[in-house]
Amino acid sequence: MKIPFNKPGFVGNEQAYMAKALANGQISGDGKFTRQCHAFLEKELGVPKALLTTSCTHALEMTALLLNIQPGDEVIVPSFTFVSTVNAFVLRGARPVFVDIRPDTLNLDESCLEQLITPRTKAIVPVHYAGVGCEMDAILAIAGRYGIPVVEDNAHGLLGRYKGRWLGTFGCLATQSFHETKNFTCGEGGALLINDPRYVERAEILREKGTNRSQVFRGQADKYSWIDLGSSYLPSDLLAAFLLAQFEARDHIQAQRRRLWEFYAAHLRDWALQHHVGLPFVPEHCEQPYHMFYMLMPSLAARQALIDHLKTRSILAVFHYLPLHLSVMGRRFSSRPGNCLPGDCPVTESVSNRLVRLPFYIGLSEADQARVVAAIIECPAL
Ligand SMILES: *Cc1c(COP(=O)(O)O)cnc(C)c1O
């Protein structure tokens, strides 16, 4: 029996809520279920405004529009992240400035940040890797000194906290993903969290194709017209119905993911120590949302050997994030020498070669997890 890397977890009410959306007669965007999803995010996180989007990628594109990113502007991003964190800004003509990561949390290294700031820096985009908070006090202090907006890519971090405060509530804007691989999903989806209320009105307009449609619906304007840039960033209410079922099962989902994470951590601790394998590090002041379980192998060869060995046991383990500063697009758009060559982000390059993610999804049984652990421990090449 194969153990996949990921499987979408259904929690019970998804089909019933989608059937209700059909019965309501509204399957386009911003229906009843979308409003309930907005209310859930706003209430749980205490953010002034949440807007569902078609993906985290699109929420990031909205942040680039909201910050008026122009050709030639610079945006500071970790090299160790998903392409969308950077692509969303490059689409507006921005040049990425890649920052290395910390070797412990694999988050943007705040001690490298200040030296990368120039008068052209228009945004800093920390990614809370594996849902473990970046050092937000230091990042916000530096950004504040230069008046640079911070956008959190919180795709991994919904319900994680830094010093007791929810991730996604630190930046003026933050983005969430509800892709199938994330803790809460509707297949493809995302959200924009708006912490600075100055962005709310324009965000609604950008999301509605550059029109003031939302204002007309609320009776705040009497004609609906084209007044700004925009695109179509709102998901169907059918997807919101699916997502609401997941949100409502929040305790169940998070308890299961916590159990999965703690099982791996407990059963791999001794083996990891003996074999110089790194396990995830969560600082005291961070609470993680149990998004993933990864290991840092001693070398690229050891990682490949482990992945190959697990494959022979029908277990799929994967690696991710090739350094963006070394990618074709990273090199093409990077703003300066010394920022897109091997050795320029040494921690990113090392981690990218050594990281492996283990199967991690709701419904992964303890027996299957024990099989994964046993296979790892028996890997002959280590
Ligand atoms: C998943 C992910 C995204 C993209 O999310 P989509 O909803 O698929 O667009 C962006 N950033 C990070 C860090 C991610 O993990």
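Residues numbered from 1 in each chain as written. Predicted model: local features only at pLDDT ≥ 70, side-chain atom pairs only at ≥ 80, totals over all residues. Heavy atoms only, no water.

### With respect to the nonpolar core
The condition is simple: Here the nonpolar core consists of buried residues drawn from Ala, Val, Leu, Ile, Met, Phe, Trp, Tyr and Cys, with membership extended through side-chain atoms lying within 4.5 Å. Exposure categories follow from relative accessible area, calculated using a 1.4 Å probe and restricted to protein chains: below 20% of the type maximum is buried, above 50% is exposed, and the middle band is partly exposed. By definition, any uninterrupted DSSP run of H or I lasting at least four residues is a helix, any uninterrupted run of E lasting at least two residues is a strand, and each is numbered from the N terminus. It only takes one pair of heavy atoms within 4.5 Å for two residues to be counted as in contact.
The biggest cluster of nonpolar side chains holds 33 residues, and the ones touching the most others in it are L67, V75, F89, L173, L192 and I194. Listing elements by their share of this core, those giving two or more residues are helix 3 (56-66), strand 2 (74-78), helix 4 (84-90), strand 9 (190-194) and helix 6 (200-207). In terms of residues, this core owes the most to one element, helix 3, which gives 7 residues. Beyond its immediate chain neighbours, meaning those up to four positions away, I194 contacts P48, K49, L51, C172, L173, Y199, V200 and A203. Of all hydrophobic cores here, the second largest spans 30 residues; its members include F293, L306, Y361 and C379.

### Brief notes about the domain arrangement of the chain
Buried accessible area, meaning the area lost when the parts come together, often serves as the stated size of an interface. In plain terms, the rule: The source of the domain bounds is an automatic or database domain assignment. Once two parts are brought into contact, the accessible area they lose, counted with a 1.4 Å probe and summed over both, makes up the buried area. Salt bridge, as used here: a side-chain nitrogen of Lys or Arg that lies within 4 Å of a carboxyl oxygen of Asp or Glu.
When the domains of the chain are assigned, the result is domain 1 (14-248) and domain 2 (250-377). Computed over C-alpha atoms only, the centres of domain 1 and domain 2 are separated by 25 Å. Around 3,600 Å² of area is buried between domain 1 and domain 2 when both sides are counted, 59% of it from carbon and sulfur atoms. Together, F80, F98 and N183 form the three largest contributors to the area buried by domain 1 at its contact with domain 2, with a combined 18%. Run the count over domain 1 and domain 2 and you get 2 salt bridges.

### Some thoughts on the pairing of strand 3 (residues 95-99)
The condition is simple: By this definition, two strands are paired if DSSP reports at least two bridges between them. By convention, orient the strands away from the viewer: a clockwise path from the first strand over the helix to the second makes the crossover right-handed.
For strand 3, the buried fraction is high: 4 of the 5 residues fall into the buried class. When strand 2 meets strand 3, the two strands line up parallel, connected through 5 bridges. By the bridge assignment for strand 3, P78 is matched with V99. Where the polypeptide runs from strand 2 across helix 4 and back to strand 3, its parallel neighbour, the crossover connection is right-handed.

### A word on the sheet that holds strand 7 (residues 165-166)
Taken in spatial order, the 3 strands make up an open sheet running 7-6-10, and their pairing is antiparallel. Every interior strand has two partners, whereas the edge strands, strand 7 and strand 10 (286-287), have only one. Relative to strand 7, strand 6 (residues 161-162) is paired through 2 bridges, and the arrangement is antiparallel. Among the inter-strand pairings, Y162 is bridged to a residue of strand 7, identified as R165.

### With respect to the sheet that holds strand 3
Inclusion rule: Lines fitted to C-alpha atoms define the axes here, with helix axes fitted over just the stretch in contact, and angles between the N-to-C directions of these axes take values from 0 to 180 degrees.
The strand order across the open sheet formed by 3 strands is 3-2-4, and the pairing between neighbours is parallel. One side of each edge strand has no neighbouring strand; the edge strands of this open sheet are strand 3 and strand 4 (121-124). Shown here is a sheet whose adjacent strand axes are inclined to one another by a mean of 30°, direction ignored. Across 3 bridges, strand 2 lies against strand 4 in parallel orientation. For I76, the partnering residue across the bridge sits in strand 4 and is I124.

### Details of the packing of helix 9 (residues 250-274) against helix 13 (residues 366-377)
The following threshold applies: Comment on the angle field: the value is read as roughly parallel under 35 degrees, roughly antiparallel over 145, roughly perpendicular from 65 to 115, and oblique elsewhere. Should the near helix be turned anticlockwise from the far one by less than a right angle, the crossing is left-handed, and should it be turned clockwise, the crossing is right-handed.
Here helix 9 crosses helix 13 at 25°, and the two axes come no closer than 11 Å. When the axis of helix 9 is compared with that of helix 13, the two are roughly parallel. As helix 9 runs across helix 13, the sense of the crossing is right-handed. On the side of helix 9, the interface is formed by R259, L260, F263, Y264, H267, L268 and W271, while helix 13 contributes E366, Q369, A370, V372, V373, I376 and I377.

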